[in-house]
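# Analysis of the macromolecular model
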Number of protein chains: 2
Amino acid sequence: MANLAPPIDMRNCGDCPIRHRAVCARCDSDELAHLEQMKYYRSFQAGQTVIWSGDRMDFVASVVTGIAKLTQTMEDGRRQMVGLLLPSDFVGRPGRQQAAYDVTAVNDVVMCCFRKKPFEELMVRTPHVAQRLLEMTLDELDAAREWMLLLGRKTAREKIASLLAIIARREATLKQRSLGVTVFDLPLTREEMSDYLGLTLETVSRQMSALKREGLIVLEGNRRVTVPDFNKLMDVTGDDSDGGMLS
Amino acid sequence: MANLAPPIDMRNCGDCPIRHRAVCARCDSDELAHLEQMKYYRSFQAGQTVIWSGDRMDFVASVVTGIAKLTQTMEDGRRQMVGLLLPSDFVGRPGRQQAAYDVTAVNDVVMCCFRKKPFEELMVRTPHVAQRLLEMTLDELDAAREWMLLLGRKTAREKIASLLAIIARREATLKQRSLGVTVFDLPLTREEMSDYLGLTLETVSRQMSALKREGLIVLEGNRRVTVPDFNKLMDVTGDDSDGGMLS
DNA sequence: TGTTCTGTTTGATCTGAATCAAGGAAACCC
DNA sequence: GGGTTTCCTTGATTCAGATCAAACAGAACA
């Protein structure tokens, strides 16, 4: 209901990653002008569905602000999150007809969109776009595989700690702060966390309480989390203990 | 111990996907000649490690024959398979220094390799290579996400059925047979299956026995599997029930 | 022809997370 | 300010799959 018009200051376009990261870095300005003309913005309210799995998808986009999730659902309702899209992440697959998963706005989201057909044509003309997208897709693949280890082999406790560590690290990077003490708001509800981690929301809640009881995290309300000692949290994740600093 | 020399009939090169799928389809013959000169073959014995996680990876490759697995291992030994490489699958990430996972030959494997540096240079000159790789990577990402649903939400029984269905379907496609009745040899040991599915090998064995008891599969020895009715097997996977016939 | 592997099956028991079931607490809304 | 809704926590119980333990089957080999 809330989209297709761009009430967005063009200056925001500076954050648009398709322009910035996929194209701008290496393309000449003619191509850039092309992209400029093609793009349009859409915004989505928290909870709104961007695309349903199986729908034909006639655009590609990148997240400008907000967070969106990719989910797969089984016939009986069991649900698994399979991707979390943060600002600058790319949505949609050039060369593919149908969406493979549901895409839903977690909070209010703005996306920078391009019609698929012309974008694909542009991709043929400007090799750097394909190369940049390949890079981004490889990163996503790495993340997905990390996630598979989590889903297949980690305990509930380790899963929660891993998720908190991921968010804390991202938050620290975003705000250019060190990882020593981190404070942030969880972008996900308990249920979304459970969909992410392959758990029930009760188990998520219990494990959060446990970590709180042990002083590994401090909770103000349900959402605001303080991690007093990042390394202690990392010890619980089961990951290699370099603190993840050598990304 | 067993590599770096090509005792392989050049005609096998017809199966080499880098040539065939990434390049050949759309590139002029000069580029092809380039690729021809660059490539070399390596073969690996069953169980041999192709690359260790963290090693610097100075080549990219594609599987010509055999099957290789990607695995991640936690400090305490818990292991999760995160990828299964079949003939024509691509190994390695242009633009990345280190290998992110262990790559191991499941059975005897031949790979068609290219030194990374010149391959990357070639990628810049020939846009279709990057585009083809992007397509392949997107496919892998889709597979990984399907796999995440399996790991996070499926029961042991559904996991086993899903794995068997995947292999049966691939086998049928390969031999151009219909899916009605399928016979094939499992390429994986019970332990490898458990690594794939996030289970213990005992549970894998038990569930295999259960499917056998119920007549959903017939086992000759441990490896040879007959699926008398593919649709009945699909009913157990928990997947949407189109029988997977639409791609 | 036994001997030793390696891979597999099966049984008994345990346990971590799911399920079932109440309540609490913050946000929203007349 | 009370009522509704949505989200979260906590407790009691159950159960699927892990763990521990033993035995079996086929292949390799001497």
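For the structure itself, consult the block above.
Next up on the list: the overall build of chain A. Scanning chain A for helices and strands turns up eight helices and eleven strands. Counting the 247 residues in chain A, one finds 54% classified as buried. A sequence separation of at least 24 residues applies to 72% of the contacts in chain A between residues at least 6 apart. Surface exposure of chain A reaches about 11400 Å², of which carbon and sulfur atoms provide 50%.

On to the packing of aromatic side chains, then. Across all of its chains, the model carries six aromatic pairs over all chains by this definition. Ring geometry for B:Phe90 and B:Phe119: centres 6.2 Å apart, planes at 35 degrees, overall tilted. Taken together, the positions of B:Phe90 in strand 6 (residues 90–91) and B:Phe119 in helix 3 (residues 116–125) put the pair 29 residues apart, joining distant regions of the chain. Look at B:Phe90 and you get buried, because its relative accessible area is 11%. Accessibility expressed as a relative area gives 1% for B:Phe119, which makes it buried. One residue, A:Arg42, lies across the ring of A:Phe59, its end atom 5.1 Å from the ring centre.

Residue and element names in this part refer to chain A. The buried fraction of strand 3 (residues 59–65) is high, at six of seven residues. Looking at chain direction, strand 3 and strand 8 (residues 109–115) are connected through six bridges and run antiparallel. The residue bridging Val 63 from the neighbouring strand is Met 111, located in strand 8. Relative to strand 6 (residues 90–91), strand 3 is paired through two bridges, and the arrangement is antiparallel. Counted as the bridge partner of Ala 61 is Val 91 from strand 6.

The next thing to look at is the protein's contact with DNA strand D. With respect to spatial proximity, 16 residues lie near DNA strand D, and among them A:Arg190, A:Ser209, B:Ala156, B:Thr203 and B:Arg206 are the closest. Those atoms of DNA strand D that come within 4 Å of the protein belong to sugar or phosphate at a rate of 68%. At 2.6 Å, a side-chain N or O of A:Ser209 approaches a phosphate oxygen of DNA strand D. Take B:Ala156: an N or O atom from its main chain is 2.7 Å from a phosphate oxygen of DNA strand D. Elements represented by at least two residues in the surface near DNA strand D include exactly helix 7 (201–213) of chain A together with helix 7 (201–213) of chain B. A total of four residues in the surface near DNA strand D trace back to one element, the largest contributor, which is helix 7 of chain A.

The interface is formed by 49 residues belonging to chain B together with 49 residues belonging to chain A. Carbon and sulfur atoms supply 54% of the area that chain B and chain A bury against each other, a total of about 4500 Å² over both sides. Among the ionic pairs, A:Arg153 bridges to B:Asp195, the shortest N-O distance being 3.6 Å. On inspection of chain B and its partner chain A, the count reaches 24 residue pairs in polar contact (both at pLDDT 80 or more).

Taken residue by residue, a regular strand's side chains alternate between the two faces of the sheet. All names here are of chain A. For strand 1 (residues 40–44), a buried count of five out of five residues is recorded, marking the element as mostly surrounded by other parts of the structure. Every second residue of strand 1 is oriented toward a common face, with Tyr 40, Arg 42 and Phe 44 on one face and Tyr 41 and Ser 43 on the other, all of them buried. Here strand 1 pairs with strand 8 via five bridges, running antiparallel. Following the sheet pairing, Tyr 41 is matched in strand 8 by Cys 112.

This part is about the relation of the copies chain B and chain A. Each of the two chain copies can be generated from the other by rotation about an axis followed by a shift along it. Laying chain B over chain A is done by rotating through 180 degrees and shifting 0.0 Å along the axis; what remains is an RMSD of 0.0 Å. Taken together, the rotation and translation relating the two chain copies correspond to the operation of a two-fold axis. The share of interface residues of chain B whose copies in chain A are also at the interface is 100%, consistent with both copies meeting through the same surface.

Residues and elements named next belong to chain A. The interhelical angle for the contact between helix 5 (residues 156–174) and helix 8 (residues 230–237), taken along N-to-C directions, is 140 degrees, at an axis separation of 7 Å. Classified by the angle their axes make, helix 5 and helix 8 are oblique. When the axes of helix 5 and helix 8 are compared, the crossing they make is left-handed. Facing Arg 157, Glu 158, Ala 161, Ser 162, Leu 164, Ala 165, Ala 168 and Arg 169 of helix 5, the residues of helix 8 in contact are Phe 230, Leu 233, Met 234, Val 236 and Thr 237. The residue inventory of the contact of helix 5 with helix 8, partitioned by class, reads eight nonpolar, two polar and three charged.

Conventions used here
- Residues numbered from 1 in each chain as written.
- Chains lettered and ligands numbered in written order.
- Predicted model: local features only at pLDDT ≥ 70, side-chain atom pairs only at ≥ 80, totals over all residues.
- Heavy atoms only, no water.
- Helix = DSSP H or I, 4+ residues; strand = E, 2+ residues; numbered from the N terminus.
- Buried < 20%, exposed > 50% of the residue type's maximum accessible area, 1.4 Å probe, protein only.
- Contact = heavy atoms within 4.5 Å.
- Areas by Shrake-Rupley, 256 points an atom, 1.4 Å probe, with all protein chains shown as cover.
- Phe/Tyr/Trp six-rings, centres within 6.5 Å; stacked < 30°, edge-to-face > 60°.
- Lys NZ or Arg CZ within 6 Å of the ring centre and 35° of its normal.
- Pairing = 2+ DSSP bridges.
- Near = heavy atom within 4 Å.
- Polar contact = N/O pair within 3.5 Å; in protein donor to acceptor, adjacent residues only side chain to side chain.
- Buried area = accessible area lost by both parts, 1.4 Å probe.
- Salt bridge = Lys/Arg side-chain N within 4 Å of Asp/Glu carboxyl O.
- Least-squares fit on C-alpha atoms with pLDDT ≥ 70 in both.
- Axes fitted to C-alpha atoms, helices over the stretch in contact; angles between N-to-C directions.
- Parallel < 35°, antiparallel > 145°, perpendicular 65-115°, else oblique.
- Left-handed = near helix turned anticlockwise from the far one by under 90°.
- Nonpolar A, V, L, I, M, F, W, Y, C, P; charged D, E, K, R; others polar.

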